Amino acid sequence: MESFKHIIDTISNPTILFTSTLIIFFFIFPINDWFDKWNRRLKLYVLWSKKSMLLAAILMAAFFLFGLTDPDFRSIVLKPDNVPISGLIFLVYFFTWLSMHQAYENDARLERGESIDERYEAPNDKVLVWPDLVYIEFISLILCSAFLLVWSIGLQAPIEEPANPTESPNPAKAPWYFLGLQEMLVYFDPWMAGVVLPSLIIVGLIAIPYIDNEPAGSGYYSFKNRKLSIALFMFGWLVLWDMLIIVGTVLRGPNWNFFGPFEYWDIHKLEALTNINLSEFIYIKWMNTGLPNNILLREIWGIFLLLGYFLILPPLLARTMCKKIYERLGSFKYSIFIVLILIALTLPIKMYLRWMFNMKYIISIPEYFFNF
Amino acid sequence: MTDLEIKKSATKDPGRRPPAALGKADSVDQITRRSFFSWLSIGWLAFIAATGGFFTMMLRFFFPNVLFEPVQTFRAGFPEDYTIGEVDLRWKDKYGVWIVRNEEGIYALSTTCTHLGCTPNWLISEQKFKCPCHGSGFFKTGINFEGPAPRPLERYKIILADDGQVIVDKTKKFQQEKGQWGDPEAFMKV
């Protein structure tokens, strides 16, 4: 048992956890035909069968039950603030499974020449608003209210001492739904992670129907026709949002250090995290000269790097990897699409740079509040 | 009647009012173009006045009658009260200041993290300030070395009063990245 806990703690190391997730993810949600081929060859699509769902649910529940025997895991999971996240893990899994299950089912039906599962068949599918729909809504309303009542009575919000600006709780965690953003703040300047990136998430979500107006596979669950859209969205949703929430809840402990789920939250855990900027890497570590006094000269490498990332990479990708997308979207939509994707990708890139090279900022101009 | 007169009377609508532009509204409760516009202007003016008044009152809330601003300048005792090589926490809760004494002198550090403004903790065993919100770490000098904090902690003006006491003035701060730590007021030689 202890060795199992130790294994879980070890693979909870962010580098291992993220790398394995990144590798596995696009095989499970194939982003293009190559991944799809391997998905079929490895038979990964059986994940969306009913048996797999039952098995995964049992395994997850068993893991939770087993975890509850451990005092450190218990103290995280049973904290009233964190109960929604335990629920979220199950719910997100279930709904991901449900939609993918239906999507694969529809794909299979279309392949056999049948009609899609959701096709409206008058008059059999006709449902009356009154009483059928209103009745269902009424019952759901009562059930939800009852559930919330029981929840709020059973798990009370902790009443703590009056707020004190000079005493930040350790660790100080945002509400559970913001923990992904808080995790983002670890890798970016506050105005980037707190203002620019969240706004771009919203703008990007709004832009989806304008960028992706392909009619094929629209209006019903399907995966075959929309591999790229679904895989990209799921990556943003499951990895960059939900997983960061779970990381922030379960793996972040005192002093915002990383802890395994079964690890004791030791306030004095020592971690060498001395991190440095790109300019210091270049001038001090590689060139062995001091930092130049001129800000522009100091940060020119980071500026070049970032300009290259946003100006050279998109046309390069349009000619190579994203050729089909470019041809389908046209240059205007493609530019918006690729810039949004590249910005989203800065998050995992910066996470890796931080974990592996202790890189703080690529461009760091604290004199003018600009850090990236 | 000539043909022309018959035509004229036939085309003339007996119930038709003269155009509003001529100003001959024959009935009081009939809305003319002109009265419509004057009512519209009154309506808009009233709306603007009400909205303006509302926002003026809102703005007024930003300037409270009484301001409970904590004292910005305080006497922090004598230099001998501070042990060499230690971070002094006694003014942290009241004024948000750490006073650090080293071999050469004393400086006053702000307790506000330069990342998002939480209050870091002084970890004596690791000899660093560590922020619990996003993991920023600072050396005893206030220089940032861990986590996302983009710049070092700020230092406050610190001087010696005539009676030999240390005075910390929080209204004046010194930022390392602007090269202000060399200022004689940022560091008190003892």
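Another point: the overall build of chain B. Helix and strand counts for chain B come out as three helices and 11 strands. In sequence order, chain B lays out its α and β elements as α-α-β-β-α-β-β-β-β-β-β-β-β-β. For chain B, with 190 residues in total, the buried portion stands at 27%. Looking at chain B alone, contacts between residues at least 24 apart form 38% of all its contacts between residues at least 6 apart.

This part takes up the overall build of chain A. Helix and strand counts for chain A come out as 13 helices and two strands. Principal axes of the C-alpha set define a box for chain A whose edges measure 80 × 55 × 40 Å. For chain A, buried positions account for 19% of its 372 residues. Put simply, of all contacts in chain A between residues at least 6 apart along the chain, 65% involve residues at least 24 apart.

The four strands lie next to each other as 5-6-7-8 (chain B), forming an open sheet whose pairing is antiparallel. Every interior strand has two partners, whereas the edge strands, strand 5 (121–123) and strand 8 (144–146) of chain B, have only one.

As assigned here, chain B comprises domain 1 (28–68) and domain 2 (73–189). Distance from the C-alpha centre of domain 1 of chain B to the C-alpha centre of domain 2 of chain B: 51 Å.

This next bit is on the interface of chain A and chain B. It is common to report an interface's size as the accessible area lost on association of the parts. Contact with chain A, which involves 29 residues of that partner, is made by 25 residues of chain B. The residue inventory of the side of chain A that touches chain B, partitioned by class, reads 15 nonpolar, 11 polar and three charged.

Attention now moves to the packing of helix 4 (residues 50–68) of chain A against helix 6 (residues 83–111) of chain A. All names here are of chain A. As a packed pair, helix 4 and helix 6 sit with axes 11 Å apart at the nearest point and diverge in direction by 170°. Classified by the angle their axes make, helix 4 and helix 6 are roughly antiparallel. Mapping the contact onto sequence places Met53, Ala56, Met60 and Phe64 in helix 4 and Ser86, Ile89, Phe90, Tyr93 and Trp97 in helix 6. Class assignment for the residues of the contact of helix 4 with helix 6 results in eight nonpolar, one polar and no charged.

Right, let's talk about the pairing of strand 3 (residues 97–101) of chain B for a bit. Residue and element names in this part refer to chain B. Burial runs high along strand 3: five of the five residues are buried. Here strand 3 shows no split at all, with Val97, Ile99 and Arg101 on one side and Trp98 and Val100 on the other all buried. Where strand 2 (residues 86–88) meets strand 3, three bridges bridge the pair, whose relative direction is antiparallel. Opposite Val87, over in strand 3, you have Val100 as the bridge partner. As paired strands, strand 3 and strand 4 (residues 105–110) are joined by five bridges and run antiparallel to one another. Pairing of Ile99 across the sheet is with Ala108, part of strand 4. Linkage of strand 3 to strand 4, two consecutive antiparallel strands, is achieved through a turn of three residues.

This paragraph deals with unusual backbone geometry. Residue and element names in this part refer to chain A. In this model, Trp130 is joined to Pro131 through a cis peptide bond whose omega is 5°. Along the chain, Pro131 turns up in helix 7 (residues 129–154). With omega at -5°, the peptide bond leading from Asn170 into Pro171 counts as cis. For Pro171, the location among the structural elements is in the loop between helix 7 and helix 8 (179–185). Non-glycine residue Trp256 carries a positive phi angle of around 60°. By the element assignment, Trp256 lies in the loop between helix 10 (227–251) and helix 11 (278–286).

Residues lying three or four places apart along an α-helix face the same way, a consequence of the helix completing one turn every 3.6 residues. Compared with the 27 Å implied by 1.5 Å per residue over 19 residues, the 27 Å span of helix 4 of chain A between its first and last C-alpha is a close match. Little of helix 4 of chain A sits out of view: just zero of its 19 residues are buried.

Residues and elements named next belong to chain A. One can describe the packing of helix 11 onto helix 12 (residues 295–319) by two numbers: an axis separation of 8 Å at closest approach and a directional angle of 115°. In this structure, the crossing between helix 11 and helix 12 has a hand that is right-handed. Contacts between helix 11 and helix 12 pair Leu278, Ser279 and Ile282 from the former with Arg298, Glu299, Trp301 and Gly302 from the latter. In the contact of helix 11 with helix 12, the residues fall into three nonpolar, two polar and two charged.

The next subject is the nonpolar core. One finds Val97, Ile99, Ile106, Ala108 and Ile158 of chain B to be the most contacted residues of the largest nonpolar core, which totals 22 residues. Excluding residues within four positions of it along the chain, Ile106 of chain B makes contact with Pro79, Tyr82, Ile99, Val100, Arg101, Ile158, Val166, Met188 and Val190 of chain B. By size, the runner-up hydrophobic cluster in this structure holds 15 residues, among which are Val186, Met192, Trp256 and Met351 of chain A.

Here we take up helix 10 of chain A. Residue and element names in this part refer to chain A. With 25 residues, helix 10 extends just 31 Å between its outermost C-alpha atoms, more than 12% less than the 36 Å of an ideal straight helix rising 1.5 Å per residue. Where helix 10 bends most, at Met243, the angle is about 30°. Those residues of helix 10 lying buried are Ile230, Ala231, Leu232, Phe235, Leu244, Ile245, Ile246, Gly248, Thr249, Val250 and Leu251. Looking at the buried residues of helix 10, the elements they touch are helix 2 (14–28), helix 5 (71–77), helix 6 and helix 8.

This part is about the environment of Gly96 of chain B. Within the secondary structure, Gly96 of chain B is located in the loop between helix 3 (92–95) and strand 3. Given 17 C-beta atoms within a 10 Å radius, Gly96 of chain B is considered partly exposed. Apart from residues lying up to four places away in sequence, Gly96 of chain B is in contact with Thr166 of chain A together with Ser110, Thr111 and Thr112 of chain B.

All names here are of chain B. In the predicted model, chain B carries a mean pLDDT of 85, and 85% of its residues have values of at least 70. Highest mean pLDDT in chain B belongs to helix 2 (residues 33–61) (95); lowest belongs to helix 1 (residues 3–11) (51). The ipTM value of the predicted complex is 0.82, and its pTM value is 0.81.

Moving on to the pairing of strand 10 (residues 166–174) of chain B. Bridge analysis of strand 1 (residues 73–75) of chain B against strand 10 of chain B gives three bridges, and the strand direction is antiparallel. Across the sheet, residue Thr73 of chain B finds its bridge partner in strand 10 of chain B, namely Asp169 of chain B.

Another point: the environment of Ser335 of chain A. Looking at where Ser335 of chain A falls in the secondary structure, it is placed in helix 13 (residues 323–357). For the pair formed by Ser335 of chain A and Leu311 of chain A, sequence separation is 24 residues and the distance between their alpha carbons is 9.9 Å.

Reading the values: rules and limits
Residues numbered from 1 in each chain as written. Chains lettered and ligands numbered in written order. Predicted model: local features only at pLDDT ≥ 70, side-chain atom pairs only at ≥ 80, totals over all residues. Helix = DSSP H or I, 4+ residues; strand = E, 2+ residues; numbered from the N terminus. Buried ≥ 20, exposed ≤ 12 C-beta atoms within 10 Å, placed from the backbone. Contact = placed C-beta atoms within 7 Å. Pairing = 2+ DSSP bridges. Domains from an automatic or database assignment. Nonpolar A, V, L, I, M, F, W, Y, C, P; charged D, E, K, R; others polar. Axes fitted to C-alpha atoms, helices over the stretch in contact; angles between N-to-C directions. Parallel < 35°, antiparallel > 145°, perpendicular 65-115°, else oblique. Expected span 1.5 Å × (residues − 1). Left-handed = near helix turned anticlockwise from the far one by under 90°. Core = buried A, V, L, I, M, F, W, Y, C linked by C-beta atoms within 7 Å. Bend = angle between axes of the 7 residues up to and from the residue. pLDDT = per-residue confidence, 0-100.

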